[in-house]
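Fold and geometry: a report
Here is what each chain is made of, one letter per residue.
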Amino acid sequence: MRILVLFKIVPDLDLLQDKEWTIKNTLPVETAYVKKIINVYDESALELTLKMADHSINNEQQIELSALTIGEPHADLFLKKLLALGFNNTYRVQCSADLRFNPYAIAYIITAFASQYGPYDLIAMGMQSSDGDNAKTALLVAEMLTWPCITGVTGFELRDLDLVAVRNINDQGLVEQLVHEPAVLAVGNAPCSLLRVPTLRDIKSAADQETAIISLQSLGCDLKKLNRQNDTELESLNTVNNTRAGLVIEGTSAEEKARLLYEKHLKGWLSSR
Amino acid sequence: MKYKVIINACSPSYKARAEEILSFLQEHHLTSGNAAGYNEAIVFYAEEQKAEDIINRLPFKTFKMVRIKHYQPEIILTILQELEIGSPAQIYIFPGDSSGNELAVRFAWRLNGSSLVAVEKITIQDNALVGIKKVYSGNLRGAFIFNYKPYCFSLARGMSRFEADIPVEKKNYTFHDYSSKTISLQPHDYLESPKEEENKLEKSSFIIAAGRGTGNSMEISRLQNIARELGAELGVSRPVVMNAWAPLDQLLGASGAVVSPDICLTLAVSGSPPFYYGIEKSKTIIAVNHDEHAPILKAADIVIIDDYKKVIDTLIKLAADEKGA
């Protein structure tokens, strides 16, 4: 079974303070100086795939893992880590254009890659990224490939040669279903899916492996055309103001503050329910 | 503009989602002053015995009742295409849930239209439709121009609701049976039936929200008991779920439940925008955190800067004393 996992390198937005979001309708938001991380949902997709491969080793099933990202060379360190963790192939499509709000272009590039470097049996990725918040890429990839798509995935494992058991959460609750490949898996909130850390031995054994760098041209992708075809266009950005009164309850101890909170704000409300 | 509403009545929360859409339509003056002003709703449901109840509860006047075998996006999309391909509407509005997001994007693709997920508001600018939604993990709002018709979008989660009690005799609906519909692309065999329950958090008037600072699963279990004693529901932030200290159905935030209780008491929550998204509609937010720089403190109505354990232990004692008095 050949599995392709897609991931995006994003700025760690939790490190930005409130004042840094005070913008004047300028596009795009400058985040080049912020520490980079793997998008949290993509990180889960990577770890869940490694878990699936762990299981297949026990069952002696052959799984080939590939990881792909689209972006600039700062992603290469992350790709190196994935090689150390057991990914057989890593790829980066060189692209310096800002495609944060163009999921159509991203999906198109992924589809072109999958067609050229595939066939793949499963394509897994996070359900959305922390900067664009588009939540469209996985769905568009599925449509472009005319594959089924499972959203909100929390786990998956190989059951048979072409059968994958997928757990996902949808509007009806938690579901477990058998999925015949090929399929796109959009990973959501998956418990216990922080990406593992490679050991020194892992790193040494992957030292000679290289990431393949691929050009957009070689995939037949024309950025100007992809930007023109984007179905929506970001026109402006505005700050979100969540500020509330922030009335601070003062006291000499936590117990006193709790008592004041209870007497002034909770007691009456609780007894009137 | 001619528009249609798509409802997934296989979901136990369909009525709440329909009421959110109705409220959205009213806010945007798309209802002509009453619930009949929208063009049509297309309602997908699976169980025949629930049809009558769905018809009674839906806050719409004109709709198609489309029966399917069970919720599966590929089948719904194929049926929608069949129903709409001849004379598509200009706008399709989908609910603010996971099926709404998925169907909006995939349906737009199939009709060569454009799509946006989690839209809070729409406006018309120079004859173009503009959708406004949160981006950058909820830190900013972006305005997006839709480039191609039909315009398909899902609502943001947890929008305000409008309850309309329309007598069934004033409702105009037709039945369409697609329960035997199959498609060549049929990937799923369900191993477990989904639980058909509405999320308790969405209905609760009092929510205690626990963050990563609570530290471990035992503490979350303790807080679960405390919440029960106070008559509250316990919700948690994403790190708590990711550490498997609490189940997924207790997750609050952009990718979990979006709630609007009278009181939300947050304990050891930092207050990142994706989490805050889940509680921002609370009438009163009370934040307890020992970190005076935690972002939640600015976004709360009432603040205690101290050890949350001492605060909650005192609160439970005071509430117990009051009960016993």
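Cut-off values and rules
- Residues numbered from 1 in each chain as written.
- Chains lettered and ligands numbered in written order.
- Predicted model: local features only at pLDDT ≥ 70, side-chain atom pairs only at ≥ 80, totals over all residues.
- Helix = DSSP H or I, 4+ residues; strand = E, 2+ residues; numbered from the N terminus.
- Buried ≥ 20, exposed ≤ 12 C-beta atoms within 10 Å, placed from the backbone.
- Contact = placed C-beta atoms within 7 Å.
- Pairing = 2+ DSSP bridges.
- Axes fitted to C-alpha atoms, helices over the stretch in contact; angles between N-to-C directions.
- Domains from an automatic or database assignment.
- Nonpolar A, V, L, I, M, F, W, Y, C, P; charged D, E, K, R; others polar.
- Parallel < 35°, antiparallel > 145°, perpendicular 65-115°, else oblique.
- Left-handed = near helix turned anticlockwise from the far one by under 90°.

Looking now at the overall build of chain B. Within chain B one finds 9 helices and 15 strands. Along the longest, intermediate and shortest principal axes, the C-alpha atoms of chain B span 65 × 45 × 40 Å. Buried residues in chain B amount to 50% of all 325 residues. Within chain B, contacts between residues at least 6 apart in sequence are counted, and of these 63% link residues at least 24 apart.

A separate point is the sheet that holds strand β12 (residues 233–236) of chain B. Spatially, 6 strands are ordered β13(A)-β15(B)-β14(B)-β13(B)-β11(B)-β12(B) in an open sheet, and the strand pairing comes out parallel. Taken across any chain shown, the strands that pair with only one partner, and hence form the sheet edges, are β13 (247–248) of chain A together with β12 of chain B. With 4 bridges joining them, strand β11 (residues 206–210) of chain B and β12(B) adopt parallel strand pairing. Residue pairing in the sheet places Ala209(B) in a bridge with Gly235(B) of β12(B). The sheet contacts of helix α6 (residues 217–230) of chain B involve β11, β12 and β13 (263–267) of chain B, and relative to β12(B) the element is tilted by about 145°.

All names here are of chain A. Structurally, the position occupied by Ala105 is in helix α3 (residues 103–117). In this structure Ala105 comes out as buried when scored by C-beta crowding, with 25 C-beta atoms within 10 Å. Measuring from C-alpha to C-alpha, the distance between Ala105 and Leu140 comes to 9.8 Å, with 35 residues separating the pair along the chain.

The partner chain A presents 69 residues to the 81 residues of chain B that form the contact. No other element matches the 8 residues that helix α4 (residues 98–110) of chain B contributes to the side of chain B that touches chain A. For strand β12 (residues 232–239) of chain A and strand β7 (residues 140–146) of chain B, the ladder comprises 7 bridges, and the chain directions are antiparallel. Paired with Leu237(A) across the strands is Gly142(B), a residue of β7(B).

What the domain assignment reports for chain A is domain 1 (2–229) and domain 2 (243–273). Relative to domain 2 of chain A, the C-alpha centre of domain 1 of chain A lies at a distance of 45 Å.

Let us now look at the pairing of strand β5 (residues 114–125) of chain B. Residues and elements named next belong to chain B. Note that β5 and strand β8 (residues 151–155) share 4 bridges and pair parallel. Across the sheet, the residue bridging to Val119 is Leu155, located in β8. Relative to strand β6 (residues 128–135), β5 runs antiparallel, the two being bridged by 6 bridges. In the strand pairing of β6, Val119 is matched with Lys133. Counted along the chain from β5 to the antiparallel partner β6, the turn is 2 residues long, and its residue Asp126 has a positive phi close to 50°.

All names here are of chain B. Under the domain assignment used here, chain B contains domain 1 (3–177) and domain 2 (200–324). Computed over C-alpha atoms only, the centres of domain 1 and domain 2 are separated by 32 Å. With 6 residues of domain 1 in contact, the opposing surface of domain 2 contributes 10 residues. Taken together, the residues of the side of domain 1 that touches domain 2 sort by class into 1 nonpolar, 4 polar and 1 charged.

For the rest of this paragraph, the subject is the packing of α3(A) against helix α4 (residues 137–145) of chain A. All names here are of chain A. Running from N to C, α3 and α4 point in directions that differ by 45°, and their axes come no closer than 9 Å. For the element pair α3 / α4, the angle class is oblique. Relative to α4, the crossing made by α3 is right-handed. Listed contacts from α4 to Pro103, Tyr104, Ile106, Ala107, Tyr108, Ile110, Thr111 and Ala114 of α3 are Thr137, Leu140, Val141, Met144 and Leu145. Taken together, the residues that form the contact of α3 with α4 break down as 11 nonpolar, 2 polar and no charged.

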